[in-house]
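Chain residues, written in single-letter form:
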Amino acid sequence: NVENAKEQFPPSPATSTTHEMDILERYIQIIFPAAKILKERIPSHDEGLSEKAASEQYRDTLTYFAASFQRFDRASLRRTLGRNLDFLVDAVIEDPAAMAIPRHLLSCNQSTSFEVSCILLKY
């Protein structure tokens, strides 16, 4: 039951400020271009990384990005990820490796998983 689940995970008393939300929105907007640059630069033969190791490092970067959201309260998740869901969906369509982000958010903990599921269902 959705209502019971909402009662189990009340919002955190420390809700982020508008300024913090603006910074987080910019963070979301720049991660994909930055990760793309990282992806293009990683397979350098000079560094001795294999293609597989480079791909894993890229996915790890996206997972770390997703992990930065797992301690957010309900309102903060909705205000950051909810408002930028089109951007995230476009990133996943453009690069299937970006699926690591929603995958991580759906499996990290109960409250984050519940909120991300709700956001995705509304989308």
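Cut-off values and rules
Residues numbered from 1 in each chain as written. Predicted model: local features only at pLDDT ≥ 70, side-chain atom pairs only at ≥ 80, totals over all residues. Heavy atoms only, no water. Helix = DSSP H or I, 4+ residues; strand = E, 2+ residues; numbered from the N terminus. Buried < 20%, exposed > 50% of the residue type's maximum accessible area, 1.4 Å probe, protein only. Contact = heavy atoms within 4.5 Å. Areas by Shrake-Rupley, 256 points an atom, 1.4 Å probe, with all protein chains shown as cover. Salt bridge = Lys/Arg side-chain N within 4 Å of Asp/Glu carboxyl O. 1 Å grid on protein atoms, 1.4 Å probe; cavity = no way out; pocket = protein on both sides within 12 Å on 5 of 7 lines; lining within 4 Å. Points joined across faces, edges and corners; volume = space filled by probe spheres on them. Nonpolar A, V, L, I, M, F, W, Y, C, P; charged D, E, K, R; others polar.

Draft legend 1. Representation of the overall build of the protein chain. Scanning the protein chain from terminus to terminus reveals seven helices and zero strands. From first element to last, N terminus to C terminus, the protein chain shows the α and β order α-α-α-α-α-α-α. Of all 123 residues assigned to the protein chain, the portion counted as buried reaches 35%. Within the protein chain, counting contacts between residues at least 6 apart in sequence, those at least 24 apart form 75% of the total. A total of about 7800 Å² of accessible surface is found on the protein chain, and carbon and sulfur atoms cover 55% of it.

Draft legend 2. View of the pattern of salt bridges. This structure, assessed with the given rule, holds three salt bridges. A salt bridge links Arg83 to Glu25, with the nearest nitrogen and oxygen atoms 2.8 Å apart. Pair noted here: Arg83 is in the loop between helix H4 (74–82) and helix H5 (85–94) and Glu25 is in helix H2 (residues 18–41), with a separation of 58 residues, a long-range link. Glu115 is paired through a salt bridge with Arg74; the nearest N and O atoms lie 2.9 Å apart. Separated by 41 residues along the polypeptide, Glu115 in helix H7 (residues 110–122) and Arg74 in helix H4 bring together distant segments of the chain. Each of the salt bridges in this network shares a partner with another, and the network as a whole consists of Arg74, Arg78 and Glu115.

Draft legend 3. Molecular detail of empty space enclosed by the protein. Per the stated rule, a full pass over the model turns up two cavities of 30 Å³ or more. Within this model, the largest cavity holds a volume of roughly 60 Å³. Lining the largest cavity are Leu81, Leu85, Leu88, Pro102, Leu105, Val116, Ile119 and Leu120. Breaking the lining of the largest cavity down by element, the ones donating at least two residues are H5, helix H6 (100–107) and H7. Sorting elements by how many residues they give to the lining of the largest cavity places H7 first, with three residues. Of the residues belonging to the lining of the largest cavity, the class tally is eight nonpolar, no polar and no charged. There is about 40 Å³ of room inside the second largest cavity.

Fair warning: the whole summary comes from geometry, so function is off the table for now.
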